[in-house]
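Single-letter residue listing:
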Amino acid sequence: MNVELINKLKEYIITPQLFEVLVQENINQNIYNEFDINSSERTLGNLNNQVVRILGLREIDGNFYGLIEFGANIIGWTVLENSIFIHPKKLESVKIDFDKFTTPVFNRQININKDLVLSLKGRLLTSKSFIEADGQQLEMIYLKGKFQGFVYPGDIIRGIDTSDNIMLDESVQLFRDSNLVIDQEPVVETIKATVSLVFPELNLAKLFTENQTSWVNLDELDYDTSHLIINNGPLQENFIQLQTNERKKTKSIIESLLKRQIELEKNIDKYETRLNRVEKLYNNLRNSKLGKIQIAIWERRGK
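In what follows, the accompanying structure is described. These numbers come from a predicted model, not from an experiment. (Residues numbered from 1 in each chain as written. Predicted model: local features only at pLDDT ≥ 70, side-chain atom pairs only at ≥ 80, totals over all residues. Heavy atoms only, no water.)

### A look at the pairing of strand E1 (residues 19–22)
Turning to step 1, where the next piece is worked out: Along E1, one buried face is formed by Phe19 and Val21 and the opposite face, lined by Glu20 and Leu22, is buried too.
Turning to step 2, where the next piece is worked out: One ladder, built from four bridges, connects E1 with strand E4 (residues 51–60); its direction is antiparallel. Within the sheet, the bridge partner assigned to Val21 lies in E4 and is Val52.
Turning to step 3, where the next piece is worked out: Across three bridges, E1 lies against strand E7 (residues 84–96) in antiparallel orientation. Within the sheet, the bridge partner assigned to Val21 lies in E7 and is Phe85. (Buried < 20%, exposed > 50% of the residue type's maximum accessible area, 1.4 Å probe, protein only. Helix = DSSP H or I, 4+ residues; strand = E, 2+ residues; numbered from the N terminus. Pairing = 2+ DSSP bridges.)

### Re the environment of Lys10
Turning to step 1, where the next piece is worked out: Tracing the chain through its elements places Lys10 in helix H1 (residues 3–14).
Turning to step 2, where the next piece is worked out: In sequence terms Lys10 and Phe64 are 54 residues apart; their C-alpha atoms lie 8.6 Å from each other.

### Quick word on H1
The periodicity of an α-helix, 3.6 residues per turn, causes residues three or four places apart in sequence to face the same way.
Turning to step 1, where the next piece is worked out: For H1, built from twelve residues, the straight-helix expectation of 16 Å at 1.5 Å per residue is met to within 8% by its first-to-last C-alpha distance of 17 Å.
Turning to step 2, where the next piece is worked out: Looking only at H1, the buried set comprises Leu5, Ile6, Lys8, Leu9 and Tyr12. Considered in projection along H1, the buried side chains sweep an arc of 160° and stay on one side of the axis. Of the residues in H1, the exposed ones pointing more than 90 degrees away from the buried face are Val3 and Ile14. (Expected span 1.5 Å × (residues − 1). Arc of directions from axis to C-beta.)

### Observations regarding the side chain of Ser129
Turning to step 1, where the next piece is worked out: As for its position among the elements, Ser129 is in strand E8 (residues 125–133).
Turning to step 2, where the next piece is worked out: Take Ser129: its relative accessible area is 3%, and that puts it in the buried class.
Turning to step 3, where the next piece is worked out: Non-local contacts of Ser129, meaning those with residues more than four positions away in its chain, are made with Ile86, His87, Pro88, Lys89, Glu139, Met140 and Tyr142. (Contact = heavy atoms within 4.5 Å.)

### Focus: unusual backbone geometry
Turning to step 1, where the next piece is worked out: In the Ramachandran plot, Asn49 falls in the positive-phi region, its phi being about 70° despite a non-glycine side chain.
Turning to step 2, where the next piece is worked out: Note on placement: Asn49 falls in the loop between strand E3 (40–43) and E4.
Turning to step 3, where the next piece is worked out: Of note in this structure, Leu180 is not a glycine but carries a positive phi near 55°.
Turning to step 4, where the next piece is worked out: Inspection of the secondary structure assignment puts Leu180 in the loop between strand E13 (174–175) and strand E14 (183–184).
Turning to step 5, where the next piece is worked out: Owing to a relative accessible area of 26%, Leu180 belongs among the partly exposed residues under this scheme.

Spelled out as structure tokens, the structure:
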């Protein structure tokens, strides 16, 4: 039994909220119907070792049942006892320091066997959560919204969000990506730009102008980073960030549903117009001389 998880479940029974877990249960245990917790749908199977969202909790006979959502699909209810609670944290843009990187053993224990050096080297990544495993904090790393694996916090280089304004001129070499590989056209005149993200350790910054997003070597800019603070302390749980993310997802889902509804209503009007036109043509044909003769033929054949 995972004591940390059980304590969280007891808390969330009283104050319900969405949260995530890394599933670590018996692969043969049942998953029950979303609307009927007495009806078994399937067993846990390959959902083990997956990151899932818990939409609801029930306590029955001393056991905690979580309603699982995985891959935007509601799967059903299952017992939560040994799974690992996922702590939400402040959303950060990060890169991995592969000069000192070591792959956590925990990755292999849950069948994450990909070569993170090969797949993530130089990439701009996102960190938004962490777990406690074997007495250590392990940070969860995402690439374009997809979970990649766990990384030791000390192996991560953290970007700092800013909104500082600078003047950008045509002498500054701009790049399309954070690896500073693909060139962008320089500005044609001195303009105002916003520094939105800085990696002081990498001498790297992200800029916004009216027309584009660019990356630049800090040596190219007249910009002082001494006021920026890098937080390298222990990771801290931050449910405000989780709630902000959920609101964004909810807003996106509602907007998508509204758009779909509008499209359906437009199509209904289109189909009704087409149906009315077909019905009118049919009635005209039926009441015509030729139509009456054809109907008479069908009726005789039917007899």
